[in-house]
Amino acid sequence: MLFNSFQFLTFLVVTWSLFQALKGVPRKALLLGASYYFYMCWSTKYILVIWAITLIDFAAGRLIERSKLPRLRTTFLVLSIFCNLGLLVIFKYFNFLSTSTAQLLHSVGLNSDPPLLHVILPVGLSFHTFQAMSYTIDVYKKRAAAERSLLNYALYVAFFPQMVAGPIERPNQLLPQFHHDPTFRPGRVRSGIKLALWGLFKKMVIADALAGFVNLVYANPQGFSGAELTVATLAFSLQIYCDFSGYSDIALGVARMMGYELRVNFLQPYFSRSIGEFWHRWHVSLSTWFRDYVYIPLGGNRVAVPRHYINLLVTFLISGLWHGANWTFVIWGGLHGSLLVLSQLTSSARARAIRVLALDRMPKSRAALQWLSTFTIVTVAWIAFRAKDIHSAWYVVTHLSILPPFNSFTLALGGIPRANTPFLVLFIATMFAVEWWIMHPHRTPGIWTCRPIRWACYYGCAFSIVFFGVFGHTDFIYFQF
């Protein structure tokens, strides 16, 4: 069941209505049942994986808290993490590790037939396993108390707005919200609807409109010109942001309609002026998860400088692998880690260059240059993320060009009719303008205080979805993770 489907709209209306009619345990039981139904619309049998994660980590949390001996506490934590990571290895990484090992052996003259598992990756497995692990780790670190209610903990793992693609919630932020009934507030419901509507706009009007063209070019990059590869790469940069941030906006909006608050997952990352700032704004729940549970335990920046750089690289390599069982994702993660290390190594040189070029006297020009360079680097790095293999990624990188020829018929083949192109450009510009105003609320046009103008914009957003949105079975990109 997709957020951008009439099936979900019906499900949400029914669930929300029944939710408001109930109180206490029946209300939470309804919400949990609805969450399980939502997940089983993809696969009924994989609900067993959700139940296994729930029971294992709920029991582990209780046992960790009750245990007085440090060795026992550590044992229960290790067992919990082993079970969670074991599920990830079986469903997501076994075939990748098996084939990679076979290729390594073949390179040294040893041939082997790699064993393969014929299983389908449960949707959103990486998200709810990471959320479950943060619970047991926080209980072990005594940053959170073990949950007494299995019903509350099951909701924490399976809350339907965010269980498939995040945000990855922490126990101290989400679990306490299930301890009491949320109060119905019309203003909160309206706010949630607006946020969900904005997410649908980004997903259906922009991301899905660009998806066909991106898929066409990246399926066979050797068949297209350098200009077409450049446009497709830029289109994917916009697609993945509008797709994933659109999902997050819908998740936050739906949760808010139910009376719950999820953490903001995107902070207008494409306005960043450095790679470090980008990672403070992009997929915040995941980047902070790796910071708190990988980077800091490795030593963070409280170690010798060479070790600090190694910690950064290791964290981003693992982050890349988290995104997918393919070497292209590992390269993408390693590239971002290397860029962060490089930015720290060259900070003094860049500061001197700014003074020499007198950019320190032109803050707006410096900001524009920093933004443009960061956006370009991030966009080029997305090539490794999107390409189907390393060879294709290298071909795209080495054939990018802003020079013609560019065949506009390629856009039509990718599902972007020539008549719709100006509207799509307008929608993208509108999206960036709204994101900029969200980032700078004090610069919002005064006309926005006029109620009829605001409602005209809301209706305009809804009508653009109806008339220009892509309807059909269009998955969110991050469902594969």
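A quick note: this is a predicted structure, and the numbers were derived from the prediction, not measured. (Residues numbered from 1 in each chain as written. Predicted model: local features only at pLDDT ≥ 70, side-chain atom pairs only at ≥ 80, totals over all residues. Heavy atoms only, no water.)

Peer 1: I'm lost on unusual backbone geometry in this one. Help?
Peer 2: The bulk of non-glycine residues show a negative phi, and the bulk of peptide bonds are trans. A cis amide bond links P404 to the next residue, P405, at an omega of 15°. With respect to the secondary-structure elements, P405 resides in the loop between helix 16 (390-399) and helix 17 (409-413). (Helix = DSSP H or I, 4+ residues; strand = E, 2+ residues; numbered from the N terminus.)

Peer 1: Sorry, what's going on with the layout of surface pockets here?
Peer 2: A probe matching the size of a water molecule, rolled over the atoms, marks out where space remains unfilled. Roughly 1000 Å³ of internal volume is contained in the largest pocket. As for the largest pocket, its lining consists of 33 residues, and the residues nearest its centre are W198, V434, I438, W448 and Y458. Elements that contribute at least two residues to the lining of the largest pocket include exactly helix 8 (186-219), helix 9 (226-258), helix 18 (421-439) and helix 19 (451-468). Class assignment for the residues of the lining of the largest pocket results in 21 nonpolar, 7 polar and 5 charged. (1 Å grid on protein atoms, 1.4 Å probe; cavity = no way out; pocket = protein on both sides within 12 Å on 5 of 7 lines; lining within 4 Å. Points joined across faces, edges and corners; volume = space filled by probe spheres on them. Nonpolar A, V, L, I, M, F, W, Y, C, P; charged D, E, K, R; others polar.)

Peer 1: I tried to follow the packing of helix 13 (residues 327-345) against helix 15 (residues 363-386) on my own but got confused; where do I start?
Peer 2: A pair of packed helices is captured by two measures, namely the crossing angle of their axes and the spacing between those axes. Their axes nearest at 7 Å, the elements helix 13 and helix 15 cross at an angle of 155°. It follows from the interaxial angle that helix 13 and helix 15 lie roughly antiparallel. Between helix 13 and helix 15, the contacting residues are T328, F329, I331, W332, L335, H336 and L339 on the first element and I377, V378, A381, W382, A384 and F385 on the second. Split by residue class, the contact of helix 13 with helix 15 holds 11 nonpolar, 2 polar and no charged. (Axes fitted to C-alpha atoms, helices over the stretch in contact; angles between N-to-C directions. Parallel < 35°, antiparallel > 145°, perpendicular 65-115°, else oblique. Contact = heavy atoms within 4.5 Å.)

Peer 1: Can you walk me through the nonpolar core in this structure?
Peer 2: Soluble globular proteins tend to bury their nonpolar side chains together. If you look at the biggest cluster of nonpolar residues, it comprises 132 residues, and the most contacted ones within it are W282, W382 and Y478. With 17 residues, the single largest contributor to this core is helix 9. When sequence neighbours within four positions are dropped, the list of residues in contact with Y478 reads F127, A165, I240, D243, F244, W282, H283, W322, H323 and F385. (Core = buried A, V, L, I, M, F, W, Y, C linked by side-chain atoms within 4.5 Å. Buried < 20%, exposed > 50% of the residue type's maximum accessible area, 1.4 Å probe, protein only.)

Peer 1: Which parts of the structure should I look at to understand empty space enclosed by the protein?
Peer 2: With the rule as written, the count across this model stands at 2 cavities of 30 Å³ or more. Of the pockets and cavities examined, the largest cavity occupies roughly 60 Å³. Lining the largest cavity are 13 residues, and of these Q20, T183, F184, M258 and G259 sit closest to its centre. Those elements that place two or more of their residues in the lining of the largest cavity are helix 1 (6-21), helix 8 and helix 9. In terms of residue count, helix 9 provides more of the lining of the largest cavity than any other element does, 3 residues in total. By residue class, the composition of the lining of the largest cavity is 6 nonpolar, 3 polar and 4 charged. Together, F127, H128, Q131, V157, Q162, M163, G166, P167 and I168 line the second largest cavity. Per-element tally for the lining of the second largest cavity: the top contributor is helix 5 (residues 125-140), with 3 residues.

Peer 1: So what exactly am I meant to see when it comes to the packing of aromatic side chains here?
Peer 2: When we look at a pair of aromatic rings, we describe it by the centre distance and by the angle of the planes. According to the stated counting rule, one finds 60 aromatic pairs in the structure shown. Ring plane angle 45° and centroid distance 5.2 Å describe the contact between Y241 and Y270, whose orientation is recorded as tilted. Placement of Y241 in helix 9 and of Y270 in the loop between helix 9 and helix 10 (275-281) is noted, with a sequence separation of 29 residues between them. Across the pair, exposure class does not vary: Y241 and Y270 are buried alike. Ring centres 5.5 Å apart and planes at 85° place the aromatic pair F278 and W279 in the edge-to-face group. For F278, a relative accessible area of 1% gives the class buried. For W279, a relative accessible area of 9% corresponds to the buried category. Above the face of the W322 ring, K92 is positioned so that its terminal group lies 5.3 Å from the ring centre. Note that K194 overlies the ring of W455, its terminal NZ or CZ placed 6.0 Å from the centroid. (Phe/Tyr/Trp six-rings, centres within 6.5 Å; stacked < 30°, edge-to-face > 60°. Lys NZ or Arg CZ within 6 Å of the ring centre and 35° of its normal.)

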